[in-house]
Amino acid sequence: MAKLWQILVGLFKQLSDESAYERHLASHGLQHSPQEWRRFWDCRLRAKYARVKCC
Amino acid sequence: MKKVIRHLAWAAVAVLGAYALAGVALNRGEQINSMWLVIAASCIYLTGFRFYAKFIAAKVMMLDDSRATPAERLRNGHDFEPTNKWIVFGHHFAAIAGPGPLVGPTLAAQFGYLPGALWIIVGAVLGGAVQDFVILFCSIRRDGKSLGQMAREEIGRLGGVTALLTVLLIMIILLAVVALVVVNALKGSPWGTFTIAATMPIAIFMGLYLRYWRPGKVLEISLLGFILVVASIFAGEAVANSPVWAPYFTLSGLALAFAVIIYGFFASALPVWLLLAPRDYLSTFVKLGVVLLLAVGILFVRPTMQLPALTRFVDGDGPIFAGKIFPFCFITIACGAISGFHSLISSGTTPKIVAKEWHVWPVGYGSMLLESFVAIMAIIAASVLQPGVFFAVNSPAGIVGATPEAAAATISSWGFPVTAPQMAELARSVGEETLFYRTGGAPSLALGMAHIFASSGGGRAVLSFWYHFAIMFEALFILTVIDAGTRVGRFMLQDLLGHLHRKLGQTSWMPGVYASSALIVLGWGYFLVQGVRDPLGGINSLWPLFGIANQLLAAIALCVATTILIKMHGSRYMWITCLPLVWLLSVTYTAAWQKIFSPSPRIGFLAAAEQLKSTLASGQLAAGKAAEIRTLIFNNQLDAVVCGIFLVLVTTILVDSVLLWVGLLRGTRVSESTETPFVLSRLRPEEI
């Protein structure tokens, strides 16, 4: 049950880009800040919405 | 001993699947419970996954967990990141599941539940899942390259350019047809229109919240956004009952079409974070939740299917769209069985986050089986309606008659009894003015879903809420497809225009952005308005065009996959992708040929144009009507040309591929592997 919950939370964080943000902070050794989130988010969304969405 | 038990268990699954499928397929004249279909589909999926897909994974792809995937080799903390198998599975499923597997099966239910259900099950196991699986594998062995890049490298430059052009054209038709589904679901519905309109300020609020108030708290605002959307459904009822507010939200099809077109332009030109991204988060979570809820609802209610296994419309004279089972059932249902669009996802984000090669098996093949199961649930939801009600909702006025009484009489004369008062009562119970002529599939699907949800608890008292919840759910992610599709179409167009003038290709040059956005919106907007004005409901002409286009994209993906399999194994395993390819080509070429040249005006675009010309030549029309007929003639001719262009594009890629295959197999062409070289994986289990 705990494993299932862990996967569900992981999936939600993946779908919401929150885990990508955590990875971004960790890989660059940064702390969360509104400015850093905006920088990350702009970059992430630019790449994300350059790809087609399925029908 | 364990092995024997395992073999016996799989034999039991296979026998149960075969028994349930026989029950579904051979039953005539009696209504059956939907559980038969659920059991048949589940057992066949399990067997296909365990045996066919595992055979492909082990013998054909030779998946190797000791080989580092692009996620590991190119790990950068952004796009490339090794991720847990089940998280990738959910991510991939959320990306491939759109409105297609819900709407297509609902429309194809005009043949009865059997043809669509068989195609969904068999098509997914032998075709759709194989395509997604093989393309994902090919992309992973090539640093996560896209389908277009692989087409260019494996087949040639011509293949790459053709793939790009095909995708752009398909996007235009896709956006028009899904926009038409929304328009037909919302026309004359103040409740639905208010709810959908409310999602826009809600999304903007979410965007501002995420950017300025609580940066990074996506899950938190998504939950809040969901609560607000549910509140807007309740508010929608109050708006619909208000003599002051209801008129503002009671819009005709044409008014809604222009509203969607204007919306599409602004949504694609506005910053992504303000509208598109927040609503995309919301729609993804709602989509996953509703799919789960529908599955639980079906298992809990176990509804009886009211539609017969086969209807009289197998003869090709159906009211929703014209044409016989072959080829039209197979192009109407694309996403639940095989969809070319999936190949773009399988060669998009997913290959960049797969941690181990064997994860491709559940992610590529398994996700498509789950999508196929969503399509089965859509068929069940459509089939729980009484057939008379199903056809009353989905048939256009041009076929059944312009008044409720005439429509009810026509549908009853087909052997599907329904009355105008019965439809009026049903409309009242879901808070609508009328449910006649709601072509497009969304309203009948919403009715079926509402019926299942309400039967799980609450009864008729909650029917109207669930109906509008289902409409909101469908419209929410259709509008997200429109936003994102228009934006991607704009990028593609700018990519092409950049070859003519460098500045036009720059995505930061605003005049170029506005001009290309306008061109894309005008492209799909034209087809949308054409569909809204079509006296046959628009779906009759646009959905087959979309189906043909989508299946032809699948044919391109399978050409790429076959080329790679030939390079790997010669002719030994090429049947795996050639089997679905040959089927798809026969289906799409036949459908495209019939849509262009059939002598029946309800099927052939050119025959329809000729019939309209005769009407015009008779000279017995009012002045305004003559102009309308001229537009209809042009539209039919345009549809025939678009259909012809699809055929030419795919024939180009097919001929190019076949010449390459012959050369490779005869040894006159050098078989060069484009796989990235083997690198030993050093990924530890705890990292994923």
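Residues numbered from 1 in each chain as written. Chains lettered and ligands numbered in written order. Predicted model: local features only at pLDDT ≥ 70, side-chain atom pairs only at ≥ 80, totals over all residues. Heavy atoms only, no water.

Moving on, we get to the overall build of chain A. A count of helical and extended segments in chain A gives three helices and zero strands. Secondary structure elements of chain A occur, N-terminal to C-terminal, as α-α-α. Against the 2.2 N^0.38 benchmark of 10 Å for 55 residues, chain A shows a C-alpha radius of gyration of 13 Å, more extended than a compact globule. With respect to the principal axes defined by its C-alpha atoms, chain A has extents near 35 × 35 × 15 Å. Accessible surface computed for chain A: about 3100 Å², of which carbon and sulfur atoms make up 62%. The positive charge centre, built from 10 side chains, and the negative charge centre, built from 5, are 5 Å apart in chain A. (Helix = DSSP H or I, 4+ residues; strand = E, 2+ residues; numbered from the N terminus. Rg over C-alpha atoms; globule rule 2.2 N^0.38 Å. Areas by Shrake-Rupley, 256 points an atom, 1.4 Å probe, with all protein chains shown as cover. Lys, Arg positive; Asp, Glu negative; His and termini not counted. Charge placed at Lys NZ, Arg CZ, Asp CG, Glu CD.)

Turning our eyes to something else, we now look at a nonpolar patch on the surface. Residues and elements named next belong to chain B. Together, F205, Y212, W213, L223, L224, F226, I227 and L228 give the surface a local cluster of nonpolar side chains, amounting to about 760 Å² of exposed area. Elements with a contribution of two residues or more to the nonpolar patch: helix 9 (190–213) and helix 10 (218–241). The element contributing the most residues to the nonpolar patch is helix 10, with five residues. In this fold, L228 is placed in helix 10. (Patch = residues over 30% accessible without salt bridge, like charges linked within 9 Å, V, L, I, M, F, W, Y side chains within 5 Å. Salt bridge = Lys/Arg side-chain N within 4 Å of Asp/Glu carboxyl O.)

Here we come to the interface of chain B and chain A. Note on interface size: it is often stated as the accessible area lost on association of the parts. On the side of chain A, 31 residues touch chain B, which itself brings 55 residues to the contact. With both sides pooled, the region where chain B packs onto chain A buries about 3700 Å², and carbon together with sulfur makes up 68% of that total. Counting across the chain B and chain A interface gives two salt bridges. In this structure, the salt-bridge partner of D42(A) is R211(B), at a minimum N-O distance of 3.0 Å. Counting the contacts that link chain B with chain A gives nine residue pairs in polar contact (both at pLDDT 80 or more). Split by residue class, the side of chain B that touches chain A holds 32 nonpolar, 18 polar and five charged. (Contact = heavy atoms within 4.5 Å. Buried area = accessible area lost by both parts, 1.4 Å probe. Polar contact = N/O pair within 3.5 Å; in protein donor to acceptor, adjacent residues only side chain to side chain. Nonpolar A, V, L, I, M, F, W, Y, C, P; charged D, E, K, R; others polar.)

Our next topic: the packing of aromatic side chains. Residues and elements named next belong to chain B. Going through the model one piece at a time under the given rule, you end up with 45 aromatic pairs over all chains. Taken together, a centroid distance of 5.7 Å and an interplanar angle of 65° make the contact between W86 and F89 edge-to-face. Of this pair, W86 and F89 both sit in helix 4 (residues 85–96), separated by three residues, roughly a single helical turn. Under the relative-accessibility criterion, W86 is labelled partly exposed at 41%. Its relative accessible area of 17% is what places F89 among the buried residues. Ring geometry for F313 against W414: centres 5.2 Å apart, planes inclined by 85°, an arrangement best described as edge-to-face. (Phe/Tyr/Trp six-rings, centres within 6.5 Å; stacked < 30°, edge-to-face > 60°. Buried < 20%, exposed > 50% of the residue type's maximum accessible area, 1.4 Å probe, protein only.)

It is worth spelling out the side chain of N635(B) at this point. Residue and element names in this part refer to chain B. By secondary structure assignment, the location of N635 is in helix 27 (residues 623–666). A polar contact of 2.5 Å, which involves the side chain of N635, links it to the side chain of Y526. Beyond its immediate chain neighbours, meaning those up to four positions away, N635 contacts Y526 and Q530.

What follows covers helix 2 (residues 34–60) of chain B. Residue and element names in this part refer to chain B. With 27 residues, helix 2 extends 36 Å between its outermost C-alpha atoms, agreeing within 8% with the 39 Å of an ideal straight helix rising 1.5 Å per residue. Remark: the principal bend of helix 2, roughly 35°, maps to F49. Positive phi shows up at M62, right after helix 2, with a value of about 50°. (Expected span 1.5 Å × (residues − 1). Bend = angle between axes of the 7 residues up to and from the residue.)

All right, on to the confidence of the model for chain B then. Of the residues in chain B, 100% reach a pLDDT of 70 or more, and the chain-wide mean stands at 93. Interface confidence for the predicted complex, expressed as ipTM, amounts to 0.96; the pTM equals 0.94. (pLDDT = per-residue confidence, 0-100.)

Residues and elements named next belong to chain B. With respect to the element layout, P105 can be found in helix 5 (residues 100–108). For P105, a relative accessible area of 0% puts it in the buried group. Beyond its immediate chain neighbours, meaning those up to four positions away, P105 contacts G100, I120, I333, A375, A378 and I379.

Now for the confidence of the model for chain A. Averaged over all residues, the pLDDT of chain A equals 90, while 100% of them reach at least 70. Predicted confidence in chain A is weakest over helix 1 (residues 2–15) of chain A, with a mean pLDDT of 91, and strongest over helix 3 (residues 34–48) of chain A, with 93.

Right, let's get into the packing of helix 3 of chain A against helix 13 (residues 276–301) of chain B. Helix packing geometry: the angle between the two helix axes and the distance between the axes. Across the interface, helix 3 of chain A lies against helix 13 of chain B with an axial gap of 11 Å and an inter-helix angle of 70°. Here helix 13 of chain B runs roughly perpendicular to helix 3 of chain A, going by the angle between their axes. Residues W41(A), L45(A) and K48(A) of helix 3 of chain A form the contact with helix 13 of chain B, whose participating residues are A277(B), D280(B) and Y281(B). Considered class by class, the residues forming the contact of helix 3 of chain A with helix 13 of chain B number four nonpolar, no polar and two charged. (Axes fitted to C-alpha atoms, helices over the stretch in contact; angles between N-to-C directions. Parallel < 35°, antiparallel > 145°, perpendicular 65-115°, else oblique.)

It is worth spelling out the nonpolar core at this point. F341(B) and W524(B) are the most contacted members of the largest nonpolar core, which totals 251 residues. Examining the composition of this core, we find that 21 residues originate from one element, helix 22 (residues 463–497) of chain B, more than from any other. (Core = buried A, V, L, I, M, F, W, Y, C linked by side-chain atoms within 4.5 Å.)

Let us now look at unusual backbone geometry. Cis geometry is adopted by the peptide bond preceding P327(B), which originates at F326(B) and carries an omega value of 10°. Mapped onto the secondary structure, P327(B) falls in helix 14 (residues 325–332). Its identity as a non-glycine residue notwithstanding, D17(A) has a phi of 70°, on the positive side. Relative to the assigned elements, D17(A) resides in the loop between helix 1 and helix 2 (18–28). Under the relative-accessibility criterion, D17(A) is labelled buried at 1%. Non-glycine residue D143(B) carries a positive phi angle of around 60°. In this structure, D143(B) sits in the loop between helix 6 (113–140) and helix 7 (147–154). You can call D143(B) partly exposed: its relative accessible area is 27%.

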